Amino acid sequence: MKCFKVPNQVWIVLCLLLISINILAQQRKQDLKKAIETIAGKHAAKIGFAVADLQNADTIGFNGTVHYPMQSVYKFHLALAVLKQVDEGKLTLDQQILVKAKDLLPSTWSPLRDKYPQGNVYIPLAEILGYTVSQSDNNGCDILFRLVGGLAKVNQFIHGIGLKDVAIVATEEEMHLDEKVQFKNWSTSFSAVQLLKMFYDKKVLSKSSGDFLWDIMVKTVSGPNKIKGLLPKGTIVAHKTGSSGINSAGITTASNDIGIVALPNGKHFAIAVFVSMTKEEEKVTDQIIAECSKAAWDYFSK
């Protein structure tokens, strides 16, 4: 077998080509950051943003290490903890869970309560998970916290898989009783996309549990104008929203969405957008998230 010597001129051309590609990639990253800065600059709000290329883990962020109140975004973290116990044989998706009347609090968002207004009924775990994730049911959320052993168990589980920049310390009921409590459940946008990548890479759950969670996230009905708002019709997005609503002072503490977006070429990216402490209307906060998502879509589509 003969070995051919590559002329020095060829090596020079290859090196210049690689340098040019790297410069172009860095320029595109800067363009995305500038786009997000422009979006954020138009609004009186605290905005955290991060995206991750799920093929190579390359991550880009804006205020990516700032703590933001998660609100119902943490139902994704909770679902991971519940399904991990399913994988360990401690629970099963067809297991019947007794939901008592006292579990169905009246003054909170709960399609589960609307379906079973009297309570005192056995409901499959899969159904409770579906309501909690797809419809962001608050009663379902707290039922699941109790089922897996409490908030500390979920927080410990998330930290145990390597995610440190997150805190899960208060139930939905506790957040409703005291507005300040929501700040105790926080995440950074970087840690949110990191967790999404771990989920996508099947490093947390078995394939069957992962597929189940993916399906109920894709079926999410809340926040249709957030991550999905400006994306092409029919784009598959597995996501979890979170919102505080507007308080008596006219302030929205949290309007959030995190998720995984499928690109036309079969690749995926993870995105997290947290909008906090703003007097903007809901349609405006949704638009902020949608514009950030569209900027990420354009970046990864090129």
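For the structure itself, consult the block above.
Every chain is numbered on its own, with residues counted from 1 as its sequence reads. The predicted origin of the model limits local features to residues at a pLDDT of at least 70 and limits the giving and counting of side-chain atom pairs to 80 or more, whereas totals for whole chains, interfaces and linings rest on all residues. Just so you know, side-chain values use all the structure's heavy atoms and leave hydrogens and water out.

### Examining the overall build of the chain
Which entries qualify depends on this criterion: Strands are runs of DSSP state E lasting at least two residues, helices are runs of H or I lasting at least four, and both sets are numbered from the N terminus onward. All radius of gyration figures rest on C-alpha atoms, and the globule criterion is 2.2 Å times the number of residues raised to 0.38. Accessible area is worked out with a 1.4 Å probe on protein chains only. A residue is then buried under 20% of its type maximum, exposed over 50%, and partly exposed in between.
Helix and strand counts for the chain come out as 10 helices and 10 strands. Computed over C-alpha atoms, the radius of gyration of the chain comes to 21 Å, within 12% of the 19 Å expected from 2.2 N^0.38 for 302 residues, which places it in the range of a compact globule. Considering only C-alpha atoms, the chain reaches an extent of 80 × 55 × 35 Å along its principal axes. When each of the 302 residues of the chain is scored for burial, the buried share is 50%.

### Points about the environment of A35
Tracing the backbone shows A35 in helix α1 (residues 8-41). Residue classification places A35 among the partly exposed positions, given a relative accessible area of 28%. Expressed as a C-alpha distance, the spacing of A35 and D58, which sit 23 residues apart in the sequence, is 18 Å.

### Remarks on unusual backbone geometry
Of note, the phi angle at N63 is positive, near 55 degrees, even though the residue is not glycine. Structurally, the position occupied by N63 is in the loop between β2 (59-62) and β3 (68-69). Judged by its relative accessible area of 37%, N63 falls in the partly exposed class. Here the phi dihedral of S136 falls at roughly 55 degrees; this positive angle occurs in a residue that is not glycine. Relative to the elements of secondary structure, S136 occurs in the loop between α4 (125-134) and α5 (138-147). Look at S136 and you get buried, because its relative accessible area is 9%.

### Quick look at the sheet that holds strand β6 (residues 166-167)
Counted only if it meets this: Two strands qualify as a pair provided DSSP detects at least 2 bridges between them.
Spatial ordering of the open sheet is given by β3-β7-β6, a layout of three strands whose pairing is antiparallel. Sheet topology places β3 and β6 at the edges, where each strand pairs with a single neighbour. Pairing analysis gives two bridges linking β6 to strand β7 (residues 186-187), with the strands arranged antiparallel. The residue of β7 that forms the bridge with A167 is W186.

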